[in-house]
Amino acid sequence: MWFQMLSMVLDVVAGLVAGTCLLRLWMQRQRISFHQPVGRFVFALTDWLVLPLRKAIPAWSAWDLSSLVGAWLIKLVQVALLWLLSGGAAPWVLLPWFSLLSLAQLVVSALSALVLVYAVMSWISPGSPMYDLVARLAEPLLRPFRRVVPLIGGIDLSALVLLLALQMLGMVLMGLQMGGLR
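Residues numbered from 1 in each chain as written. Predicted model: local features only at pLDDT ≥ 70, side-chain atom pairs only at ≥ 80, totals over all residues. Heavy atoms only, no water.

(A) Region of the structure containing the nonpolar core. Within the largest apolar cluster, 24 residues are counted, with the highest numbers of intra-cluster contacts made by Met27, Leu114, Val115, Tyr118, Leu137, Leu142 and Leu162. If one sorts the elements of this core by residue count, helix H5 (residues 129–148) sits on top with 8 residues. Setting aside chain neighbours within four positions, we find Met27 in contact with Ile32, Ser33, Phe34, Gln36, Val38, Gly39, Val42, Leu133 and Leu137. With 14 residues, the next largest nonpolar core counts Val17, Ala18, Ile74 and Leu103 among its residues. (Core = buried A, V, L, I, M, F, W, Y, C linked by side-chain atoms within 4.5 Å. Buried < 20%, exposed > 50% of the residue type's maximum accessible area, 1.4 Å probe, protein only. Helix = DSSP H or I, 4+ residues; strand = E, 2+ residues; numbered from the N terminus. Contact = heavy atoms within 4.5 Å.)

Here it is as structure tokens:
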């Protein structure tokens, strides 16, 4: 019971910090201003990690690799702590691999949440400032699906198709993680 509670707390904290690092990466990639409440929150939560990493890890094209490495390091610490708490059952050399899979699962979950929020907000409050931010984050992901999925009765189902693809990717990642434990 204690392991499950600690695991849940670690998952929430690591997910929040690593997810915010990934949001920072994506917001910078999309050239979204950080001079709004979400941007200030992202900076406040990630500067302590990303700014020191930025001194050693340069950006690549429009990608802020220090944010990506920061997210991976947070997941690595989470996986290592869980490994220690569980008695170190798996070989320690697999910890970077498990943390990479954990980061990929976080990306899939975050993108699924983003697309779901985008779809709901497009029905409820398409004129709000928060919708503009969510749309700028989600539209590049939906664009390739919109080219393939036709409108059906005037309804755009590209978000549903993207969510399905993300769920399948999540299942593949879970299978890889379970396969690594054997």
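(B) View of the layout of surface pockets. Of the voids in this model, the largest pocket is the one considered here, and its volume is about 630 Å³. Every residue lining the largest pocket is counted, 23 residues in all, and those nearest its centre are Gly19, Leu23, Ala110, Leu111 and Leu114. Secondary structure elements with two or more residues in the lining of the largest pocket: helix H1 (2–29), helix H4 (95–124) and H5. Of all the elements, H4 adds the most residues to the lining of the largest pocket, at 9 residues. Here the residues of the lining of the largest pocket sort into 21 nonpolar, 2 polar and no charged. Here the second largest pocket is characterised by a volume of approximately 530 Å³. The greatest single-element share of the lining of the second largest pocket, amounting to 6 residues, is contributed by H4. Grouping the constituent residues of the lining of the second largest pocket by class yields 12 nonpolar, 8 polar and 2 charged. (1 Å grid on protein atoms, 1.4 Å probe; cavity = no way out; pocket = protein on both sides within 12 Å on 5 of 7 lines; lining within 4 Å. Points joined across faces, edges and corners; volume = space filled by probe spheres on them. Nonpolar A, V, L, I, M, F, W, Y, C, P; charged D, E, K, R; others polar.)

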